[in-house]
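Spelled out, the chains give:
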Amino acid sequence: MSDQISEVGQILAQQLATAEDSAAVQEIRTEWVGRRGRITLALKELGKLDPETRRTQGQILNAAREQAMRLINQKLEQLGRVEEDIQLERERLDMTIRGQAPRVGLLHPLTRVRRLLEDVFLRMGFSLAYGPEIETTWYNFEALNIPEDHPARDMQDSFFVDVPHMVLRTHTSPVQIRGMEAAQGKLPVKIIAPGRVYRRDDDATHTPMFHQIEGLVVDRGITLGDLKGTLLAMTTALLGDSIETRFRPSYFPFTEPSVEMDVTCAACGGKGCRTCKGTGWVEILGSGLVHPSVLKNGGYDPQKVSGFAFGLGIERLAMRIFGLDDMRPLYQNDVEFLTGFERYTGRPIL
Amino acid sequence: MKISHRWLARHLVNMPGPQRVADALLQMGIEISAMQSWGDSYTCVELVEIRAREPHPNADHLSVVTVRRGDGTESIVVTGADNGFPGDRVWYAPPGTLLPDGRVLQTVLMRGIPSPGMLLSASELGFHDTTGDLWLYHGDLAPGSVFLDAVGGTDTVYELELTPNLAVFDQSVVGIARELAAVLHLTLRPLAPPYKYGDATDLVRVQAFDACPLYGLSAFDVRDLTSSPLWLQALLLSIGVRVIHPLVDITNFILWDLGQPLHAFDRDKVVLPIAVRLAKPGEQLLMLDGTDRSLSPEDLVIADQEGPIALAGIMGGQRTAIGPSTEHVLVESAHFESGRIFRSMRRHHFMSDAALHFGKGTDPAILPVAAQATRELLESFGGQVAIGPSVMVGSEPNLRKIRLEPERIRSLLGVDWSVEVIEDALKRLRFHVHDGWVTVPSNRHDVLMTEDLCEEVARVLGLDAIPVTLPISAATPGTRDPRVSFEERLRDLLCDAGYWEVVTRPFWSSARSILEMAVPGETIRLTNPLRDEEEELRTSLLPHVLEVVGYNRARRDQPISVFEIAPVYQKQQGKPEEIMQLAVAETLEEYPQYPKGQDLGIYRLKGTLEWVNHRLNLRVAESLDAAVPDFMHPGRSVALVDHRRQVVGFLGELRPRLAVHFHAKRIAVLSLWSIGVAPNAATGIVPSPSRYPEVLRDLSLLIPENTNYGTIAAQIEANRPNDLKSFRLIDVFAGEWGRSMTVRMVFQSREKTLTDSEVDGQIGLLLGNLAQRQITIRER
């Protein structure tokens, strides 16, 4: 019995060995195990035999068929691999060609830096507040302790509009008053107010429209030390632990005492260069304790509460973070320039 | 403000070096923007003695002079000066010397004779020149000495930046010296004693005491004053003040030394008595600078019997100006109310050093000191000086007193400093502390209340001494504004969809307009624009975004997709309004690029809007009923309406002839007004996926003329089969028989596996309904 099987196996193996492609193998399959194949026909003949012979002959034929199928499939698989390789070789692509970038846009760097700041202060428990850009002179000046002939009005060259007693706000500080009014005497008042502001200046480091972020905290027992702590926490979050800071007395009509904060010049690392006028420091923000008149104008009693406020220029900070020396390209919106901000900056939120 | 180190040293015992000065001033809130050395070029200029003088053989007006230098050698120099004879000592600048006017001297051939360097006049050294000839030296220095020794050595000049509050009392050398003394524990040298004014009450009538609380006038007779001493000239020159005439030099010196502006009148030209009064309407004054000013009763003037002779605190008039021959002088030393001077200065758009001092505030107590200093300087100049009549009218204002609240100072600063420490800090700044009250020095008009004292204490002790703390407040979570958060989400989604955010400035001018836009409100104009093309505030955002497209396209032939979310501005019934808008613009050409991109045309932007609309529940829909602006492609644009069917924008292609203005063939634009009104994105319940298979059917529908996909979709929606999950257009085909659209329909049940006959039944019903609109199944 096994002789007959191995004989079929030998013949088949010889046939398969000469088959060069899967079509030839398919022909062999038809010859042996197809619908009219030799083994198939022999199996169909079994019914004519007596039961005893049918049983033994059936075992032999089935075993032969199984063996034939195995050999054919083995050969097919082997040829299939070769043919796949040939096919895939034909599909070869130049893998050094650059892929197609996903079509996504990018937020403007000023939006990104603004969000970075908002994020830092939200984590410190500040809420976002807003005010109009076309502001009354009362909110923009008088309420902030800047009367008509105050010497400080010559510091801020304002844009006036053809609406009486209205001005394009020169700073986000009017939101201090609006924020206190909105809080209606509740404590603490803890807000930041990002927004567009306007001054009549146009050069490499000044633009007639720019962005500021204002901060205000009013509560019982707020100190100048609290201001220092808050600003240091902010600079660490924005510029890293290694940044050095310095506080200087300054002047703003709506704070008393007033303090400016400098950070190490990014351009020279503190050695002194043209950017920092040789001092090694660049100013990043103005701040101070809220002036008693401003607290009063916001509806708070300066004898019972105190507060601090600060304002910083988002453009200045963006220039610092991205190492820019000219503010104007930020408003030209040259997409090639904006593309330069695609790269990861080391700060996840950006 | 410029200030000289040597000048400062006149007021301070043990003057510290420049770096300590800079550090101390910074602690006091005074920034030094520049620090320069002065006098370096004077080290080359040498005192020489003239040995011989011969006429130049080839020129009538030149002479050949032999000088002996300090090392004993002789040099032969050609000069055009008429003076300088053997025995005279003069200043010689050898080749290589840099003169104050910027010239670098060389050896030049003068009519055939080489002249190494030159012999100098006073003006060539930058000093006051009375003759125009060589500057003869009559002092004690030996030949060979350098000019720098004659002026007292080199100097360091600081350029200070004074904040307005510090300008009230720090615009003088003594002011800065007092700051240094306070922070560095230095001793100040005493100032001159007050001038003993006489009682010549007939000299002055003060009629406006509010504006001029104190007015001093003193007469001097001077003769033979030629020029100011070198030390004084050098100090003035170092801070950039020209030396002109001894009387003028003295007033300038005292202005910068003590912060007290003085004015000198020629007594022979003044018709006494002088009146200090408000100007009369229509009065004119010809000023020293040659301008003619029309005065108003808001101006304070100094007048004589013929009319105004000075605009008080700002500038004198020409009629009574002193000149080189003036011998009888009236020196005014006065105290004016700063606000009035500041307003006058503003009204006349007029600045002078005096006005910058009076306008910020001067020290009434220094007024007689300045008069005495004038006298002492005059007497030291070597001429003849006689003291004439004088008078001071008015009285010094009372000194301000503030209650000392150490606890409040401590709690505002966040420190635990003792009363003694606080008092000592104040005393170092010349405040008097007695019995719980702080008396404010007469020049500190800026100190009004405890908060101001806080600042003074913090300045003297240094901000670094204040401990770093964080506010201890009730823990309140930070909140965002829902409207702004919505705008931020919109920004993010547009970026995700492939559009770049831009930021433009809202200044506009109708002259820049290429698109004709109807605006509901009235345009807001700037009354003081920087330039004509920025004279108004934008009423629409789209033109700015299109300008960005144009700016980029003019630079490179690349596709561009940009958007901005920003306010526009208008007036409604006279009130300004700020309305948030969205504008998107995208070029539509195909570009050679690899791998090849797919140009979807306007459908990319439309798809983005639909996606954003879906994501944010903007509830914006297209409307064929509403008109689109004329600048839009009539066949490829559509108006957008909100859920109340109000038109809120448009989407489509710009007319190609307008796109050309922005250097593009085709531009897709989206303009959405009032985006702030959209409600929060709906959340609701998200359905679980069905466990049963989907059945797909593609229906090719033959559609009548003028029927668009919107009609078909609306019909399918209106007669939606029960188990229809979704449908979408997959093909549009046109033949002789008409036009067909193939819609792929996806059926799926949540309860069972759908059979073919169930789906066929549902489609049959739908086709029945579509047939009523002449939409039939395509047979071929």
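All of these numbers come straight from a predicted model, not from anything done at the bench.

(A) Inspection of the overall build of chain A at higher detail. Helix and strand counts for chain A come out as 12 helices and nine strands. Its C-alpha atoms give chain A a radius of gyration of 41 Å, clearly above 20 Å, the size a compact globule of 350 residues would have. Along the longest, intermediate and shortest principal axes, the C-alpha atoms of chain A span 125 × 45 × 45 Å. A burial count over chain A gives 53% of its 350 residues as buried.

(B) Layout of the domain arrangement of chain A. Each assigned domain of chain A is listed with its residue range as follows: domain 1 (2-84) and domain 2 (109-343). Of note, the centres of domain 1 of chain A and domain 2 of chain A, computed from C-alpha atoms alone, are 89 Å apart.

(C) Up close: the packing of helix H2 (residues 18-27) of chain B against helix H5 (residues 173-184) of chain B. All names here are of chain B. Between H2 and H5, the least distance of the axes is 9 Å, while the angle of their chain directions is 90 degrees. On the basis of their axis angle, the class for H2 and H5 is roughly perpendicular. Along its contact with H2, which presents Arg 20, Val 21, Ala 24, Leu 25 and Gln 27, the element H5 presents Ile 176, Glu 179, Leu 180, Val 183 and Leu 184.

(D) Looking closely at the side chain of Arg196(A). Looking at where Arg196(A) falls in the secondary structure, it is placed in strand E4 (residues 189-198). Residues within four places of Arg196(A) in sequence aside, it is in contact with Glu133(A), Arg169(A), Met209(A), Phe210(A), His211(A), Thr504(B), Pro506(B), Arg538(B), Glu564(B), Ala566(B), Pro567(B) and Tyr569(B).

(E) Representation of the sheet that holds strand E23 (residues 384-394) of chain B. Residue and element names in this part refer to chain B. Read across the sheet, four strands follow the order E15-E22-E14-E23 without closing on themselves; strand pairing throughout is antiparallel. The strands lining the two open edges of the sheet, one partner per strand, are strand E15 (262-266) and E23. Between one strand and the next, the sheet's axes are offset by a mean angle of 20 degrees, whatever the strand orientation. As paired strands, E15 and strand E22 (residues 328-335) are joined by five bridges and run antiparallel to one another. Across the sheet, the residue bridging to Ala 264 is Val 331, located in E22.

(F) Geometry of the environment of Asp155(B). All names here are of chain B. Its place among the elements puts Asp 155 in strand E11 (residues 155-161). With a relative accessible area of 3%, Asp 155 lands in the buried category. Here the alpha-carbon distance between Asp 155 and Asp 40, two residues 115 residues apart in the chain, equals 8.7 Å. Among residues more than four places away in sequence, those in contact with Asp 155 are Ser 4, His 5, Arg 6, Gln 36, Ser 37, Trp 38, Leu 235 and Ser 238. A polar contact is formed between the side chain of Asp 155 and the side chain of Ser 4, at a distance of 2.5 Å.

(G) Structural context of the state of the cysteines. Tallying each qualifying case throughout the model produces zero disulfides over all chains. Take Cys268(A): it sits in no disulfide, and the sulfur closest to it among the cysteines is that of Cys273(A), at 3.6 Å.

(H) Geometry of helix H4 (residues 51-90) of chain A. The terminal C-alpha atoms of H4(A), which comprises 40 residues, lie 56 Å apart, in line with the 58 Å expected from a rise of 1.5 Å per residue. Those residues of H4(A) that sit buried are Gly58(A), Ile60(A), Leu61(A), Ala64(A), Gln67(A), Ala68(A), Leu71(A), Ile72(A), Lys75(A), Leu76(A) and Leu79(A).

(I) Looking closely at the pattern of salt bridges. The final tally for this structure, using the stated rule, is 69 salt bridges over all chains. The salt bridge partner of Glu488(B) is Arg114(A), with a shortest N-O separation of 2.7 Å. A residue pair is termed interchain when its members come from two chains, as with Glu488(B) in helix H14 (residues 482-496) and Arg114(A) in helix H5 (residues 109-123). Across the pair, Arg114(A) and Glu488(B) agree in class, each one buried. Arg246(A) is paired through a salt bridge with Asp262(A); the nearest N and O atoms lie 2.9 Å apart. Linking Arg246(A) in strand E6 (residues 245-252) with Asp262(A) in strand E7 (residues 255-264), this pair joins segments that are 16 residues apart in sequence. The class for Asp262(A) is buried, based on a relative accessible area of 2%.

Criteria and cut-off values
Residues numbered from 1 in each chain as written. Chains lettered and ligands numbered in written order. Predicted model: local features only at pLDDT ≥ 70, side-chain atom pairs only at ≥ 80, totals over all residues. Heavy atoms only, no water. Helix = DSSP H or I, 4+ residues; strand = E, 2+ residues; numbered from the N terminus. Rg over C-alpha atoms; globule rule 2.2 N^0.38 Å. Buried < 20%, exposed > 50% of the residue type's maximum accessible area, 1.4 Å probe, protein only. Domains from an automatic or database assignment. Axes fitted to C-alpha atoms, helices over the stretch in contact; angles between N-to-C directions. Parallel < 35°, antiparallel > 145°, perpendicular 65-115°, else oblique. Contact = heavy atoms within 4.5 Å. Pairing = 2+ DSSP bridges. Polar contact = N/O pair within 3.5 Å; in protein donor to acceptor, adjacent residues only side chain to side chain. Disulfide = S-S within 2.5 Å. Expected span 1.5 Å × (residues − 1). Salt bridge = Lys/Arg side-chain N within 4 Å of Asp/Glu carboxyl O.

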